[in-house]
Amino acid sequence: MSQPETTVPKTTVYVCTVCRAKDDPEARPGKALLEAFDARLSAEDRAIVTAEPVECLGVCSRPCTVAMAARGKWTYVLGDFDTAADVDDLIESARRYTASETGLVPKKDRPEAMRKGVISRTPPAPRG
Ligand code: FES
């Protein structure tokens, strides 16, 4: 008889690196957000969270846009992340998402940038 899986699935934070800044259409702040996020992750965080660049999440009017996903969990798409001001909130959001069995984080428990920035949430992909 096989044992139930107990390993916590790793969270992937996808950061759009081609979003254009609202106040400067030449700027692409997602790359800086991704670099800041990666630089601030602790060794403990790295065991449970990884970050990857992605080119467009289809919500170009809400830069910077990110998505948070993990196997078997709901996926969030979040927007309006400012590179400098919101990176700590993004890391804390990823920690709380990872700690949630379903991926759903109650609004009262979300860091401010996550509370304001939810664009959508999508159920886990179907099995099979
Ligand atoms: S360019 Fe970033 S979501 Fe489309």
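Figured I'd write up the structure that's included with this text. (Residues numbered from 1 in each chain as written. Predicted model: local features only at pLDDT ≥ 70, side-chain atom pairs only at ≥ 80, totals over all residues. Heavy atoms only, no water.)

**Examining the packing of helix α1 (residues 29–40) against helix α3 (residues 83–99)**
Applicable threshold: As a rule, the C-alpha atoms of each element are fitted with a line to give its axis, helices using only the stretch in contact, and angles between N-to-C directions run from 0 to 180 degrees. A run of DSSP states H or I qualifies as a helix once it reaches four residues; a run of E qualifies as a strand once it reaches two. Both are numbered from the N-terminal end. Just so you know how the angles are binned, under 35 degrees is roughly parallel, over 145 roughly antiparallel, 65 to 115 roughly perpendicular, and the rest oblique. Helix crossings get a hand from a simple test, with the near helix turned counterclockwise from the far one by less than a right angle marking a left-handed crossing and a clockwise turn marking a right-handed one. Between two residues, a contact is recorded if the distance between any of their heavy atoms is within 4.5 Å. Ten residue types, Ala, Val, Leu, Ile, Met, Phe, Trp, Tyr, Cys and Pro, are classed as nonpolar, four, Asp, Glu, Lys and Arg, as charged, and the remainder, Gly among them, as polar.
At a minimum axis separation of 9 Å, α1 and α3 run at an interaxial angle of 50°. When the interaxial angle is binned, α1 and α3 end up oblique. Crossing angle aside, the handedness with which α1 passes α3 is right-handed. The residues of α3 that touch α1, namely those facing Pro-29, Ala-32, Leu-33, Ala-36, Phe-37 and Arg-40, are Thr-83, Val-87, Asp-88, Leu-90, Ile-91 and Ala-94. Residue composition of the contact of α1 with α3, by class: nine nonpolar, one polar and two charged.

**Topic: the sheet that holds strand β2 (residues 49–54)**
Filter applied, for reference: Strands pair, by our definition, only if DSSP identifies at least two bridges between them.
On the basis of which strands lie adjacent, the open sheet formed by five strands has the order β2-β1-β3-β4-β5 and mixed pairing. Sheet topology places β2 and β5 (118–122) at the edges, where each strand pairs with a single neighbour. For this sheet, the mean inter-axis angle between neighbouring strands, taken without regard to orientation, is 20°. As paired strands, strand β1 (residues 11–16) and strand β3 (residues 66–69) are joined by four bridges and run antiparallel to one another. Bridge pairing in β3 links Val-15 to Val-66. Sitting on the sheet, α3 touches β1, β2, β3 and β4 (75–78), and the angle it makes with β3 is about 25°.

**Brief notes about the nonpolar core**
To be explicit about the condition: Each nonpolar core is a collection of buried residues, namely Ala, Val, Leu, Ile, Met, Phe, Trp, Tyr and Cys, held together in the definition by side-chain atoms within 4.5 Å. Remark: exposure states derive from per-residue accessible area (1.4 Å probe, protein chains only) relative to the maximum for the residue type, with buried under 20%, exposed over 50%, and partly exposed in between.
Formed by 23 residues in total, the largest nonpolar core has its most connected members in Val-13, Leu-33, Phe-37, Met-68, Phe-81 and Leu-90. Those elements giving two or more residues to this core turn out to be β1, α1, β2, β3, β4, α3 and α4 (112–117). Broken down by element, the residue count for this core peaks at five residues, all from α3. What Leu-90 contacts, discounting residues up to four positions off in sequence, is Val-13, Leu-33, Phe-37, Val-66, Met-68 and Phe-81.

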